[in-house]
Amino acid sequence: MRALTLRFIAASLIVLTLSRLGLAFWQWSRVEASGGLWPLVVGGWRIDLSVLAILTVVPLVLACWLGHRQLPTRLTAWWYRLCFVLLVFMEVATPQFILEYDTRPNRLFFEYLTSPHEVFAMLWEGYKGVLALFLLVMVVAVWLAKKLFPVTTDKKALPWAARFGGSVAMFLLCFIAARGTLEHRPLNPSLVAFSDDRLVNTLALNSFYNTAYAAYQLKNESFAGDAYGKMPVDDVISRVRTLSGLPAKPQFPKQPSLHYQKATTSLGQRPNIVIIVEESLGAQFVGSLGGDNLTPNLDNLGKQGWWFKNAYATGTRSVRGLEAITTGFFPTPARAVLKLPKAQSGFFTLANQLKQFGYRSRFVYGGESHFDNMKNFFLGNGFDEIHDLPTFTNPRFIGSWGASDEDMFAELNGLLANDTQPTLTVAFSVSNHSPYEYPQGHFQPVGDPATRANGARYADWALGQFFAKAKTAAYWQNTLFLVIADHDSRVYGANAVPVKHFHIPALILGQGVKPRQDTRLVSQIDMAPTLLSLAGISSYTPMLGQDLTQQSPNRALMQYGNSFGYLKDDILTVLRIDKAPENYRYSQGKLTPIPTQPQLNQDALAYALWPSIAYRQGFYAQTHQQQLALAAKKNRQ
């Protein structure tokens, strides 16, 4: 058994090292710019030995006592075969994951496994060649595992003293290797990080470790922001309130962000509010935002409404965008609140807020709304209806992710036309997502139809068709529209936070909205407070985003993996786990390091800590009766 263990360690180290070298040479320009190959390889060996020590500690200890017995040896051989195949599996899956997310497999990897239908349909439709190669390599890996790790037993049992001494020695050796350091904290990704480039830092890991570590970190996600540093809770509260234009001392200590927002518009009739969330439609595609001129319809609509030319997403996932747009919640390294257990009911949303004013709320989605827990979260927090693929009426085109955008907009148009009371509708598109499937014949694709560029072209075409019909409908005269992206497509780059890939389009148009080209720096978290104000709704709200009809935040919050970015005017502050804050000047898409900015660092820390505190202590709970009483009291005054 001991010889089998040594063979497993050697074979695994060879596979992991060759994979790391292959990935490094593939991304050589970024590796070279970050300091070269040596720190990546040395850090990688530390991580690999830590993983292998954890995987082999039990077999090594048992080998001293039971290495001469058939059953334990057989189980050990099968254990090593399974582990070897799993290590190979994760490395083989890595290149495609890097192409999509610019990092090794992480928490997203196992989160996507909870939605196998969508994921496997996407892979089958768009990546058949990759799947075939993947399966071939895995067949070879299984064959190698069987050949490399045969069932072999020791000829005789060890003496009792050797058993005891050997098992203690093996345990201590594995413990030291697994811990990876004699310092206060055990080995973790930050100890082998040596670059500002997130991808390069993850190349120094291995994909099994990176995914397992992400799963382990889930236990701490209710207070994930603590990884960036500590600040007294009262200081966090007073600082984020002050930064949000509120008095430092809260009026309601049990809900310290709760405050009264007075609308700047007074309307006789409550307008419908329609939020159209465009999948992956970053500014890089939008001509009037400096992009590739792929969205003529959106650019034209931007001239007709309130066009935010400097709006930023809070993250890189759809659930992060939906979190910010529908709840105004700040981003954290944890999962979006749509997935967190304490947020599945009684959590503040725009739907809960509007219910007090006679609104009915719905979520419209071309796919299946169980994906990313959207259905459960929305129904548990104020939304009355879910309209997704299973409920659509005769969709004309269904791809891997669901009904096409034109089918979703047709459903949306029909729902709005039949409304008899004020409604909030959040409509989420799906077509602009890999593998970029959409109905043909509406525009002339450039090159391969299944590309990001053509996906953006189709998304824009479908959006333009919807608004052409909406302008002729009766509901047009009494509806506020927000068109906004959830995030950019494929956020990547060598910077600690690739700011330019958080730049997204945001447009408000409809009743009473005058055309305006707004160049202020704003965030997704500012949209809900602004919509409330435009709708003439004055109310108490816990949202700390700002009403853009009367405030100019000139800041954006961005979560990029485990890095938190706070962009204030043209200065970006980056917080990373177990690292000192970093400050950069952001200009023309480039980041230039500048001397440390203590005030901005503290502001960024408060922003990063607030959502975890609010989630853990229930500060963002929906207090419907309390808000009604407060609103009534305010009206009497």
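Not measured: the values here are computed from a predicted model.

Peer 1: If you had to explain the nonpolar core to someone new, which residues and values would you point to?
Peer 2: Counting residues in each nonpolar core, the largest one holds 162 residues, and the members touching the most others are Ile275, Ile276, Phe466, Phe467 and Phe481. In this view, phenylalanine 466 contacts Ile276, Phe409, Leu412, Asn413, Leu416, Tyr475 and Phe481; residues no more than four positions away in its chain are not counted. The next biggest cluster of nonpolar side chains, apart from the first, holds 16 residues, and it includes Ala496, Val499, Leu521 and Ala556.

Peer 1: I'd like to hear about the packing of helix α4 (residues 70-101) against helix α11 (residues 207-217), residue by residue, with values.
Peer 2: The N-to-C vectors of α4 and α11 enclose an angle of 95 degrees; their axes lie 8 Å apart at closest approach. When the axes of α4 and α11 are compared, the pair comes out roughly perpendicular. Listed contacts from α11 to Leu86, Leu87, Met90, Glu91 and Thr94 of α4 are Ser207, Phe208 and Thr211.

Peer 1: An account of the pattern of salt bridges is needed here, citing residue identities and associated values.
Peer 2: By the definition in use, this model includes 20 salt bridges. Between arginine 30 and aspartate 102 there is a salt bridge; the shortest N-O distance is 2.9 Å. Taken as a pair, arginine 30 in helix α2 (residues 28-33) and aspartate 102 in the loop between α4 and α5 (107-112) lie far apart in primary sequence, 72 residues in all. Overall, arginine 30 belongs to the buried group, its relative accessible area being 15%. For arginine 362, the salt bridge identified is with aspartate 419, shortest N-O distance 2.5 Å. Of this pair, arginine 362 sits in strand β4 (residues 360-365) while aspartate 419 sits in the loop between α17 (405-417) and β8 (423-428), and the two are 57 residues apart along the sequence. Exposure remark for aspartate 419: the relative accessible area of 22% places this residue in the partly exposed category. In the salt-bridge network here, residues are joined through shared partners; they are Arg30, Asp102, Asp197 and Arg490.

Peer 1: Would you mind going over the state of the cysteines in detail, with residue names and values included?
Peer 2: Two cysteines joined by a covalent bond between their sulfur atoms form a disulfide. Enumeration over the complete set of coordinates arrives at zero disulfides. Here cysteine 64 is not cross-linked by a disulfide; its sulfur's nearest cysteine counterpart is in cysteine 174, at 10.0 Å. According to the relative accessible area criterion, cysteine 64 is buried, its value standing at 4%. Free cysteine: cysteine 83, not disulfide-bonded; nearest cysteine sulfur from cysteine 174 at 13 Å.

Peer 1: Describe in detail the packing of aromatic side chains, supporting the description with residues and values.
Peer 2: What describes a pair of aromatic rings is the distance from one ring centre to the other and the angle between the planes of the rings. All told, the structure shown has 40 aromatic pairs when counted by the stated rule. Here the aromatic rings of phenylalanine 89 and phenylalanine 109 are separated by 6.3 Å at their centres, their planes lie at 75 degrees, and the arrangement is edge-to-face. Note that phenylalanine 89 is positioned in helix α4 and phenylalanine 109 in helix α5, a separation of 20 residues in sequence. Look at phenylalanine 89 and you get partly exposed, because its relative accessible area is 29%. Taking 6.4 Å as the distance between ring centres and 20 degrees as the angle between the ring planes, the aromatic pair formed by phenylalanine 171 and phenylalanine 175 counts as stacked. Taken together, the residues phenylalanine 171 and phenylalanine 175, both in helix α8 (residues 160-179) and four residues apart, mark about one turn of the helix.

Peer 1: Give a description of the side chain of histidine 503 that names residues and reports values.
Peer 2: Structurally, histidine 503 can be placed in strand β10 (residues 503-510). Residue classification places histidine 503 among the buried residues on the basis of a relative accessible area of 12%. A distance of 2.9 Å separates the side chain of histidine 503 from the backbone oxygen of lysine 309, its partner in a polar contact. Once residues within four sequence positions are removed from consideration, histidine 503 is found in contact with Gly282, Ala283, Leu289, Lys309, Asn310, Ala311 and Tyr312.

Peer 1: Can you explain the sheet that holds strand β17 (residues 582-587)? Please cite residues and give values.
Peer 2: Here we have five strands laid out as an open sheet, ordered β14-β15-β16-β17-β18, and antiparallel in their pairing. The outermost strands of the open sheet, each flanked by one partner alone, are β14 (555-560) and β18 (590-593). Looking at each pair of strands side by side, their axes are set apart by 30 degrees on average, direction ignored. As judged from the five bridges shared by strand β15 (residues 563-568) and strand β16 (residues 571-575), these two strands associate in the antiparallel manner. Within β16, the position partnered with leucine 567 by the bridge is leucine 572. Relative to the sheet, helix α20 (residues 598-617) contacts β14, β15, β16 and β17, its axis offset from that of β15 by approximately 125 degrees.

Reading the values: the criteria
Residues numbered from 1 in each chain as written. Predicted model: local features only at pLDDT ≥ 70, side-chain atom pairs only at ≥ 80, totals over all residues. Heavy atoms only, no water. Core = buried A, V, L, I, M, F, W, Y, C linked by side-chain atoms within 4.5 Å. Buried < 20%, exposed > 50% of the residue type's maximum accessible area, 1.4 Å probe, protein only. Contact = heavy atoms within 4.5 Å. Axes fitted to C-alpha atoms, helices over the stretch in contact; angles between N-to-C directions. Helix = DSSP H or I, 4+ residues; strand = E, 2+ residues; numbered from the N terminus. Parallel < 35°, antiparallel > 145°, perpendicular 65-115°, else oblique. Salt bridge = Lys/Arg side-chain N within 4 Å of Asp/Glu carboxyl O. Disulfide = S-S within 2.5 Å. Phe/Tyr/Trp six-rings, centres within 6.5 Å; stacked < 30°, edge-to-face > 60°. Polar contact = N/O pair within 3.5 Å; in protein donor to acceptor, adjacent residues only side chain to side chain. Pairing = 2+ DSSP bridges.

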